[in-house]
Amino acid sequence: MTVFLMVAGVFTGAHVWEGTAARLAGAGAEAHAVPLTGLDAGRPAGGARVGLETHIADVLAAIDAVDPASGREIVLVGHDYGIHPVLGAADRRPERIARVVYLDAGMPRDGVPALAAVPDQELRARLAGQAEHEERDGELAPPATREQWGRWGSTAGVSDVALDRLTALAAPQPLGTLLQPLRLTGAVAAVPTTGVLCTANGASVDLVQRLVDFGDPALKALTDPAVTFFELPTGHWPMLSCPAGLAEVLLRAAAGEGRRLRPAGTGEPPAHLRPFPLDVPELPRNRRGHVDLYVPEGADGPRPAVVFVHGGPLPPGALPTPREWPTLVGYARLAAAEGMVGVTLDHRLHDVADYARAAADVTAAVELVRADPRVDSDRVALWFFSGGGLLTAPWLAAPPPWLRCVAASYPILAPLPGWGLTDARFQPVRAVPHAGALPLVLVRAGLETPVIAATVEEFVTAAEDCGAHLELVDVPRGHHGFETLDPPEEVRPALRHAMRSVVGRLTG
C-alpha cells in the first residue's frame, strides 16, 4: 500500500486536499494531508516563532508516524510552497521516501528561501526588505483576498464556491517560513521524483524539455530515468479544480509512470537548432557587441533595418546564444534578401524578474544599430518572438518617429498566470491604445497553447477597440515556434507574407 502525505502551499492548509484524499482512499491507497503549524486550525503556533524548520518538523512527524515495519511506501506531495518542507523532510529521511511529487512547484535549492519562488514580485520585494530585520520573522504575511489568488497562480477550473471557501479558510503565512533558507545535504537527490505541471498556469512538459535542450546544467538532473512528468489541463490548484484527475496522476506517479525527458544533445536536434524553413542567402554576420548585422550584398547606401528580438526567459548558460539560432539568423538573412539590414541580438531575459534588464538591452541594441552607417536610422522595425512579446509594450506606449513597424510572432502579450509580473511597463494590452498610427503585424499560431492564445486574443481585442493599425497573419496549423516544429509547407506562406508586410512598412 502507498501512503500519500500531502503538503499545501501558502495561506492554505490540510482542507484543500479533502477531495483528492477521498479519491486516493477510494482507490485503495492511504492519504493524509499534513497539518502545518501556524496555518492549520488544529496546529496553532502557541506563541512560538514559526519558520520553515517548523514545517519540516511537521512533515517529519507525519513520516515517522508511518510504521516502517508495515511495508507501506511513502510518497510526499508538495504543492507550491509545500515543496520546501517536503524536500527538507525527505532530505533527512531519504530511506523512508519512495517518491517526491512536485505539484506545480518550483525546484528549490539548498540555501535559498521560499521567498525566491514567490511569483508576486511586489510582495517578494516587500518581504525581502523585512528579511533584514531578524525580529520581523515572527510576523505574518496577510492571506490572499479572493481577487488576489490569481497573482499566486491561475485559478482556472476552480469553481466560485471553491474559491470562496479557499478565501474563507485562508490563514496568514508566518514570514519565517518564507525567509528561512532551505538546508539540504544532498541526500534527497537519490529519491525518485515526479513533476505534475498544470498547463493553464503556463507550464508543460514540452516547455521543460525545451529548457533542458538549451543546455542549462541546473536542469540536467531532470533527465534522470527516476524523474517523470505529468500534465494536468487546469490551473494552479488542481486539488480544487480536478481532484479526481489529480488522484489518478498521483497513483500513476507512485507506480513510476509518466513522461521522461531526453538529455540535451541526444537524438535529433532540439527545436531551436533546427534549420530555418526558407532558403535564404548565406550572408556573413557582422558582430557589434551583443548585436549581429546581416547586410544585403552590394548595398549602395544606408538601408532600413529589421531587429529581431528573441523570447524567454532562457537559461543564462544556453549555448549557442539566441542570436546564433538558425531561426533568428534565418529571419535576419530573409530580411537581407528583401534589401533590409537584418539584425539579431542577445538580451538577458533569464527570469521573469529580468524584463526591465532585457528591455534596456534591446534599447541599447537598437541604438547601436541606428548608429551604424549602413543603416537608415529613420527606418527601423522591431520584430519580437514568444516571451519577448512583453517587450513590445514600451515601444507601443511611446513609439519614436523612426520606428516604422512592430511585429510579433507567437508572442506572449500579457504576463502569464503565476508570473507575478505587475510592472506596468510590460503590459502590451494596456500599451496598444497609445500606439497611434504605428503599424503592427501579428503572426498567430493556430495551435498555440491556450494560456498564451488567451493573451493574444486579449491584445487583438484591445487593438481593435482602439483602432490600432493591426495586421493579422495566421498559421492555422502552426504551433508555438512553428518555424522548426511544423512542416515547412505549412509555415512558408505566412513567413513570406509577414516579412513582406514589415518590409512594405519600411519602404512605403
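Just so you know, these numbers come straight off a predicted model, no measurement behind them.

Chemist: Help me out: how do you make sense of the overall build of the protein chain in this one?
Modeler: Looking only at helices and strands, one finds 16 helices and 16 strands in the protein chain. What you see for the protein chain is a C-alpha radius of gyration of 25 Å, in line with the 23 Å of a compact globule of 508 residues. Seen through its principal axes, the protein chain has C-alpha atoms that stretch 80 × 45 × 40 Å. Out of the 508 residues in the protein chain, the part that is buried amounts to 54%. A separation of at least 24 residues holds for 79% of the contacts in the protein chain among residues at least 6 apart in sequence.

Chemist: What exactly am I supposed to notice about the sheet that holds strand E7 (residues 193-198) here?
Modeler: Strand pairing in a sheet relies on backbone hydrogen bonds. The paired strands run either parallel or antiparallel. Taken in spatial order, the six strands of this open sheet run E2-E1-E3-E4-E7-E8, and their pairing is parallel. In this open sheet, the two edge strands, each paired with only one partner strand, are strand E2 (30-33) and strand E8 (227-232). Within the sheet, the average angular offset between the axes of one strand and its neighbour, ignoring direction, is 20°. Examined bridge by bridge, strand E1 (residues 2-7) and E2 share four bridges and lie parallel to one another. Residue pairing for E2: Phe4 is matched across the bridge by Ala31. Helix H7 (residues 205-213) contacts E7 and E8 of the sheet and is inclined by roughly 140° relative to E8.

Chemist: Can you walk me through helix H11 (residues 355-371) in this structure?
Modeler: One full turn of an α-helix is made of 3.6 residues, so residues set three or four places apart face in the same direction. Spanning 17 residues, H11 covers 24 Å between terminal C-alpha atoms, matching the ideal 24 Å at 1.5 Å per step. The complete set of buried residues in H11 reads Tyr355, Ala358, Ala359, Asp361, Val362, Ala365, Val366 and Val369. Within H11, the buried residues cover an arc of 160° as seen down the axis, which keeps them to one side. Projecting away from the buried face of H11 at angles above 90 degrees are the exposed residues Glu367 and Ala371. Residues of H11 that are buried in the fold lie against strand E10 (291-294), strand E11 (303-309), strand E12 (341-345), strand E13 (375-385) and helix H12 (393-397).

Chemist: For this particular structure, what's the right way to read the pattern of salt bridges?
Modeler: Two side chains bearing opposite charge may form a pair once their charged atoms approach each other closely. Applying the stated criterion to the full structure yields 27 salt bridges. Salt-bridge contacts for Glu53 lead to Arg92; the nearest nitrogen and oxygen are separated by 2.8 Å. Taken together, the residues span a long stretch of sequence, with Glu53 in helix H2 (residues 52-64) and Arg92 in helix H3 (residues 83-92) at a distance of 39 residues. Owing to a relative accessible area of 31%, Glu53 belongs among the partly exposed residues under this scheme. A salt bridge links Asp164 to Arg146; its shortest N-O distance comes to 2.5 Å. Of this pair, Asp164 sits in helix H5 (residues 160-169) while Arg146 sits in the loop between strand E5 (140-141) and H5; the two residues are 18 residues apart in sequence, bridging distant segments of the chain. Here Asp164 falls in the partly exposed class, since its relative accessible area comes to 39%.

Chemist: I keep staring at the environment of Arg404 and nothing clicks. Help me out?
Modeler: Along the polypeptide, Arg404 turns up in strand E14 (residues 403-409). Overall, the relative accessible area of 28% leaves Arg404 in the partly exposed class. A sequence separation of 382 residues divides Arg404 from Ala22, and the C-alpha atoms of the two residues are 59 Å apart. When neighbours within four sequence positions are excluded, Arg404 is seen to be in contact with Asp378, Arg379, Val380, Leu438, Pro439, Arg505 and Leu506.

Chemist: What is the right way to read the layout of surface pockets from this model?
Modeler: One simple way to see leftover space: roll a probe sized like a water molecule over the atoms. Here the second largest pocket defines a volume of roughly 350 Å³. Along the wall of the second largest pocket there are 17 residues; nearest its centre are Ala414, Pro415, Leu416, Pro417 and Glu458. Secondary structure elements with two or more residues in the lining of the second largest pocket: helix H13 (428-431) and helix H14 (450-466). Ranked by the residues each element gives to the lining of the second largest pocket, the list is headed by H14, at four residues. In terms of residue class, the lining of the second largest pocket is built from eight nonpolar, six polar and three charged.

Chemist: Would you explain the pairing of E14 in this entry?
Modeler: On any regular strand, side chains alternate: one points to one face of the sheet, the next to the other face. The buried fraction of E14 amounts to six of the seven residues, a majority that puts the element mostly inside the structure. Where E13 and E14 come together, six bridges link them in parallel fashion. Note on E14: the bridge partner recorded for Phe385 is Ser409.

Chemist: Looking at this structure, how should I read empty space enclosed by the protein?
Modeler: In total, this model carries two cavities of 30 Å³ or more according to the counting rule given. Approximately 80 Å³ is the volume attributed to the largest cavity. Contributing to the lining of the largest cavity are Thr392, Leu396, Val406, Ala407, Ala408, Leu413, Leu440, Val441, Leu442, Phe459 and Leu470. The set of elements that each furnish at least two residues to the lining of the largest cavity consists of E14 and strand E15 (439-445).

Chemist: For this particular structure, what's the right way to read helix H16 (residues 488-507)?
Modeler: Across its 20 residues, H16 extends 28 Å between first and last C-alpha, which sits within 8% of the 28 Å expected from 1.5 Å per residue. Within the span of H16, buried status applies to Val491, Ala494, Leu495, Ala498, Met499, Ser501, Val502, Val503 and Leu506.

Chemist: How should the sheet that holds strand E16 (residues 469-475) be read in this particular structure?
Modeler: With mixed pairing, the eight strands of this open sheet are ordered in space as E9-E10-E12-E11-E13-E14-E15-E16. Every interior strand has two partners, whereas the edge strands, strand E9 (286-288) and E16, have only one. Pairwise comparison of adjacent strand axes, ignoring direction, gives a mean angle of 20° for this sheet. The pairing of E11 with E12 spans four bridges and is classified as parallel. Considered in E12, the bridge of Phe308 is made with Thr344. Against the sheet, helix H10 (residues 326-337) contacts E10, E11, E12, E13 and E14, and its axis sits at roughly 160° relative to E12. Running over the sheet, H11 touches E9, E10, E11, E12 and E13 and is turned about 150° from E13.

Calculation notes
Residues numbered from 1 in each chain as written. Predicted model: local features only at pLDDT ≥ 70, side-chain atom pairs only at ≥ 80, totals over all residues. Heavy atoms only, no water. Helix = DSSP H or I, 4+ residues; strand = E, 2+ residues; numbered from the N terminus. Rg over C-alpha atoms; globule rule 2.2 N^0.38 Å. Buried < 20%, exposed > 50% of the residue type's maximum accessible area, 1.4 Å probe, protein only. Contact = heavy atoms within 4.5 Å. Pairing = 2+ DSSP bridges. Axes fitted to C-alpha atoms, helices over the stretch in contact; angles between N-to-C directions. Expected span 1.5 Å × (residues − 1). Arc of directions from axis to C-beta. Salt bridge = Lys/Arg side-chain N within 4 Å of Asp/Glu carboxyl O. 1 Å grid on protein atoms, 1.4 Å probe; cavity = no way out; pocket = protein on both sides within 12 Å on 5 of 7 lines; lining within 4 Å. Points joined across faces, edges and corners; volume = space filled by probe spheres on them. Nonpolar A, V, L, I, M, F, W, Y, C, P; charged D, E, K, R; others polar.

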